[in-house]
There are 2 protein chains.
Amino acid sequence: MQHDISDATVDVCVIGAGFAGLSAARALVAAGRAVRVIEARDRVGGRTKPGMVAGHRVDLGGQWVGPDHRRLRALAARHGIATEPQFETGAKLIEFGGTVKRYEGLIPAIPLLALIETDRVMKRIERMAAALSASAPWAAAGAADLDRDTVDAWLARHVRTAGARALMAIAVRAVFSAEPAEISMLFFLAYIRASGGLEPLISVRGGAQQDRFRGGLHALSEALADEVGRERLRLGRPVAALEQDAAGVTVHGGGEAPLRCRRAIVTVPLALLPRLQVSPPWPSLRQGLAQRSPMGSVIKCHVAYRTPFWRARGLSGEAVSDRGPFSPIFDGTPEGAGEGILTGFLEGEATRRFTARTPEARRAAVIATLTRLFGPEAAHPIDYAENDWLAEDWSGGCYAGLMAPATLTGFGPVIREAAGRIHFAGTETAIEATGYVEGALESGERAAIEVLAALNQDALNTVS
Amino acid sequence: MQHDISDATVDVCVIGAGFAGLSAARALVAAGRAVRVIEARDRVGGRTKPGMVAGHRVDLGGQWVGPDHRRLRALAARHGIATEPQFETGAKLIEFGGTVKRYEGLIPAIPLLALIETDRVMKRIERMAAALSASAPWAAAGAADLDRDTVDAWLARHVRTAGARALMAIAVRAVFSAEPAEISMLFFLAYIRASGGLEPLISVRGGAQQDRFRGGLHALSEALADEVGRERLRLGRPVAALEQDAAGVTVHGGGEAPLRCRRAIVTVPLALLPRLQVSPPWPSLRQGLAQRSPMGSVIKCHVAYRTPFWRARGLSGEAVSDRGPFSPIFDGTPEGAGEGILTGFLEGEATRRFTARTPEARRAAVIATLTRLFGPEAAHPIDYAENDWLAEDWSGGCYAGLMAPATLTGFGPVIREAAGRIHFAGTETAIEATGYVEGALESGERAAIEVLAALNQDALNTVS
């Protein structure tokens with residue numbers, strides 16, 4: 001079956017060794033295909049990244065796993081990598097309207113009317129999201145109208161209390177690393193739909209922040225790379241160009257001889273697609289989509305203290321602030337550590353304000369927020385680590401690609417559409433858990449299935 | 001002064017031979033600097049492009065010149081290229097709410113209340129735009145709030161009649177090739193501010209569509225290239241990478257030996273910036289801005305008839321439609337031609353619907369619109385020419401880069417900020433006439449002045 005394409009070096013070349021690319025490669029290798037994975041960075045794992053703070057391994061990128069993230073949990077199980085629950089014993093803090101309050105459970109200490117309205121709006125959003133098709137949100141009745149609104153505009157029309165609006169804005173920033181004015185209401189709902197609801201997205205217990213991995217999430221990308229086979233990986237090799245013809249794809253770049261394959265899978269975020277010179281050019285709607293899928297703006301920071309002093313005061317370490325710039329915050333202390341770690345984020349507008357400043361200025365602003373929330377003990381950390389994802393060359397932002405109004409309806413339908421022999425994966429293209437590592441894994445599996453079918457069809461076409 | 005940088009091949013390398021790049025190069029050459037202009041396409045002129053229909057030269061891209069476009073008019077004057085007024089004698093047509101009506105002058109035939117409100121809203125927008133600083137619209141009081149709204153959301157809140165909303169949407173599509181939901185209100189106002197008002201942008205007489213050039217606007221880019229000196233141009237050479245160090249910039253790509261320069265000027269649209277591999281990477285806010293400046297969506301079409309039959313019926317050829325997909329339309333007949341040409345656009349959502357369809361399907365839809373508007377005579381053209389700018393590899397859309405909410409305030413302040421030794425021009429970076437050829441010329445001059453100052457400073461630094 002394969003003798004007819006004599007110049008094919010491998011069946012499939014996968015661009016990108018994040019979870020999407022590795023997931024696709026694993027499935028293709030399992031199906032007996034010859035695969036090469038080419039990665040620009042000198043490491044695997046994409047938007048996960050290992051770091052150290054106070055002698056403990058921490059995740060500078062993706063970190064948590066939710067109960068429904070079955071592919072990621074299965075990967076961990078295969079390698080005996082244990083999870084530990086995100087610590088959440090004790091009271092939470094909320095800084096809101098100039099004062100810091102503590103509260104227990106799910107109900108923040110804000111005015112009752114705002115709470116009631118938040119609950120009502122959340123339920124309405126859940127219903128609207130549930131009504132969408134996960135695979136074709138643009139086809140829903142009313143999709144065009146929803147895609148004309150930003151989340152901000154929708155909230156402004158449908159939410160009356162300033163408190164509920166502020167809470168919703170905090171939720172949007174936490175999930176998207178973007179301001180509510182940056183994203184389309186339809187995109188927001190489709191993203192929620194892909195994870196089965198808004199509450200799972202913003203929750204710890206039962207939600208996307210439920211568990212962490214011992215030794216960090218990034219270690220799972222290494223485990224997945226082992227499954228693919230290290231001999232199939234080429235790290236530190238930015239692909240410069242992809243040339244298609246009737247029989248295959250030639251992959252240029254990375255200081256190696258051009259690699260020939262029958263099909264390629266591109267897993268880079270949409271916003272980075274223009275970095276690949278392609279011949280023929282991308283189809284026009286894909287080019288337009290790539291221009292309209294900016295990455296979220298986030299800087300992740302870990303602040304280490306001699307002890308988790310907040311726990312002794314009955315605090316869980318979880319905190320949000322409407323003033324910022326450092327919000328939300330979680331207890332990031334690894335189980336069994338003597339030191340305490342607070343882990344949190346500069347998101348959206350706060351990232352734009354701080355990305356061009358010095359690390360010292362960022363550190364000072366982060367500690368100032370922590371001190372307002374957790375008191376004077378927070379002013380004296382023993383260590384600090386951060387990662388500015390907006391400045392990360394091969395990501396261009398995190399957590400994921402975002403869409404402003406008129407993008408999902410106008411350009412979205414091509415998101416998983418192959419461009420000739422080039423197929424697409426990456427968490428942005430996921431139908432389940434879009435934007436999460438779980439989505440990346442799902443997208444890789446879907447692309448692999450797509451490519452296997454195409455390879456079979458190619459072979460039939462050649463025979464006939 | 002120049003002997004100290006021994007490995008510099010030229011003083012300045014300009015990436016892109018559109019009007020911005022040629023304008024910068026001309027100024028630098030005039031100042032005695034050694035310049036090289038490198039262009040990916042095999043022609044100069046960027047978003048202007050020559051075409052033929054029924055034996056007449058037409059513009060497939062930029063076409064018109066307004067009374068305030070002094071740089072463009074001066075260029076034409078230097079080369080003895082004459083303008084001719086855009087034909088507008090006779091009645092205009094408007095298809096609105098299912099019927100086609102004709103009207104004279106500026107007042108379309110729509111319900112009186114809608115007209116009164118349109119007038120009121122236009123005046124309000126003019127006042128809001130006039131209050132902005134052309135060079136720093138993000139610094140205005142209230143800028144953050146204006147940058148949270150899309151134009152659509154703002155119109156929905158401030159315009160009551162469906163008629164006024166529809167007219168405003170027609171105006172937005174005509175100016176931006178985008179839907180009102182795609183662009184931020186602050187961006188909209190800043191763009192208007194840069195051209196001295198909304199009415200000039202949408203008008204023929206006294207506005208940006210007042211005159212055309214005999215032989216087409218594209219010919220002026222050729223004239224400007226002659227002024228720069230053809231020996232300084234390299235066409236058909238896509239730049240792949242720019243490497244910066246303390247002394248200069250090395251330009252790679254285009255199948256030539258790397259070119260060394262002291263400073264570079266990049267003139268490509270922001271959306272295409274990621275196509276240049278740069279070392280060090282772009283500053284994070286510039287990378288974020290490039291991800292958030294999608295190009296407008298437009299397909300330009302010329303339809304030729306045996307005669308300009310509409311003129312005999314007292315029609316100017318000017319028409320708009322709220323149904324589309326072909327709107328707006330102008331008389332594109334060159335002076336002295338026997339044939340008649342109607343020139344118009346598929347814009348925004350209409351472009352997205354038609355870009356992936358066949359040229360025949362587009363032609364049929366264009367002629368169907370013309371037949372509804374101009375009657376059965378429009379059903380039988382003798383020639384047709386079109387250009388899908390969304391599919392144009394080295395533009396990625398037209399007329400210009402657009403910004404959704406939260407972009408101009410969050411990322412806009414870096415738009416003209418050099419990245420080390422790399423400076424920026426292009427109509428998106430213009431302070432005057434942003435989005436127009438005039439803006440491209442202005443941006444090139446501004447970048448040239450900036451680079452000349454930097455080169456002088458470099459020389460002083462080396463001496464001291």
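What you are looking at is a predicted structure, and each value in this text was computed from that prediction instead of being measured.

*Asks:* Account for the interface of chain A and chain B, naming residues and giving values.
*Replies:* Tallying the contact residues gives 34 residues for chain A and 34 residues for chain B. Summing both sides of the interface, chain A and chain B together bury roughly 3100 Å²; the carbon and sulfur share of this comes to 51%. Where chain A packs against chain B, one counts four salt bridges. The shortest N-O distance in the salt bridge between Glu182(A) and Arg292(B) comes to 3.7 Å.

*Asks:* Tell me about helix H6 (residues 162-176) of chain A, residues and numbers included.
*Replies:* Residues and elements named next belong to chain A. The end-to-end C-alpha distance of H6, which contains 15 residues, comes to 21 Å, matching closely the 21 Å that a straight helix rising 1.5 Å per residue would cover. Among the 15 residues of H6, 11 are classified as buried, and the element is accordingly described as predominantly covered. If you check which residues of H6 are buried, you get Gly163, Ala164, Ala166, Leu167, Met168, Ala169, Ile170, Ala171, Val172, Val175 and Phe176. Contacts from the buried residues of H6 go to strand S7 (91-96), helix H3 (112-130), helix H5 (151-158), helix H7 (185-194), helix H8 (198-202) and strand S16 (315-321).

*Asks:* Help me get a handle on the sheet that holds strand S9 (residues 211-213) of chain B, residues and values and all.
*Replies:* All names here are of chain B. A sheet is described by the order of its strands in space; here three strands give the open sequence S5-S9-S6, paired in antiparallel fashion. Since the sheet does not close on itself, it has two edges, and those belong to strand S5 (64-65) and strand S6 (83-85), each with one partner. Pairing of S6 with S9 involves three bridges; the strand directions are antiparallel. From the neighbouring strand, Pro85 faces S9, where its bridge partner is Asp211.

*Asks:* Before we move on, can you summarise the UniProt feature "binding site: FAD" (unreviewed entry) in chain A with the specific residues and values?
*Replies:* Residue and element names in this part refer to chain A. In the UniProt entry, the feature "binding site: FAD" (unreviewed entry) is given for Glu39, Ala40, Val239 and Glu428. Sequence-distant contacts of Ala40, defined by excluding residues within four places in its chain, comprise Gly236, Arg237, Pro238 and Trp394. Relative to the assigned elements, Val239 resides in strand S11 (residues 239-244). The residues contacting Val239, other than those within four sequence positions of it, are Ile15, Ile38, Val251, His252, Arg275 and Leu276.

*Asks:* Let's hear about the domain arrangement of chain A: which residues, and what values?
*Replies:* Residue and element names in this part refer to chain A. Taken domain by domain, chain A comprises domain 1 (10-45 + 218-293 + 403-463), domain 2 (50-67 + 80-89 + 208-213 + 295-391) and domain 3 (108-202). At the junction of the two partners, domain 1 supplies 17 residues and domain 3 supplies 21 residues. The largest share of the area that domain 1 buries against domain 3 comes from Met403, Pro405 and Leu408, three residues that together contribute 38% of it. The interface formed by domain 1 and domain 3 includes seven residue pairs in polar contact (both at pLDDT 80 or more). Among the residues making up the side of domain 1 that touches domain 3, the classes are represented as 10 nonpolar, five polar and two charged.

Each value, and the rule that gives it
- Residues numbered from 1 in each chain as written.
- Chains lettered and ligands numbered in written order.
- Predicted model: local features only at pLDDT ≥ 70, side-chain atom pairs only at ≥ 80, totals over all residues.
- Heavy atoms only, no water.
- Contact = heavy atoms within 4.5 Å.
- Buried area = accessible area lost by both parts, 1.4 Å probe.
- Salt bridge = Lys/Arg side-chain N within 4 Å of Asp/Glu carboxyl O.
- Helix = DSSP H or I, 4+ residues; strand = E, 2+ residues; numbered from the N terminus.
- Expected span 1.5 Å × (residues − 1).
- Buried < 20%, exposed > 50% of the residue type's maximum accessible area, 1.4 Å probe, protein only.
- Pairing = 2+ DSSP bridges.
- UniProt positions renumbered as here; feature names shortened; annotations may be inferred.
- Domains from an automatic or database assignment.
- Polar contact = N/O pair within 3.5 Å; in protein donor to acceptor, adjacent residues only side chain to side chain.
- Nonpolar A, V, L, I, M, F, W, Y, C, P; charged D, E, K, R; others polar.

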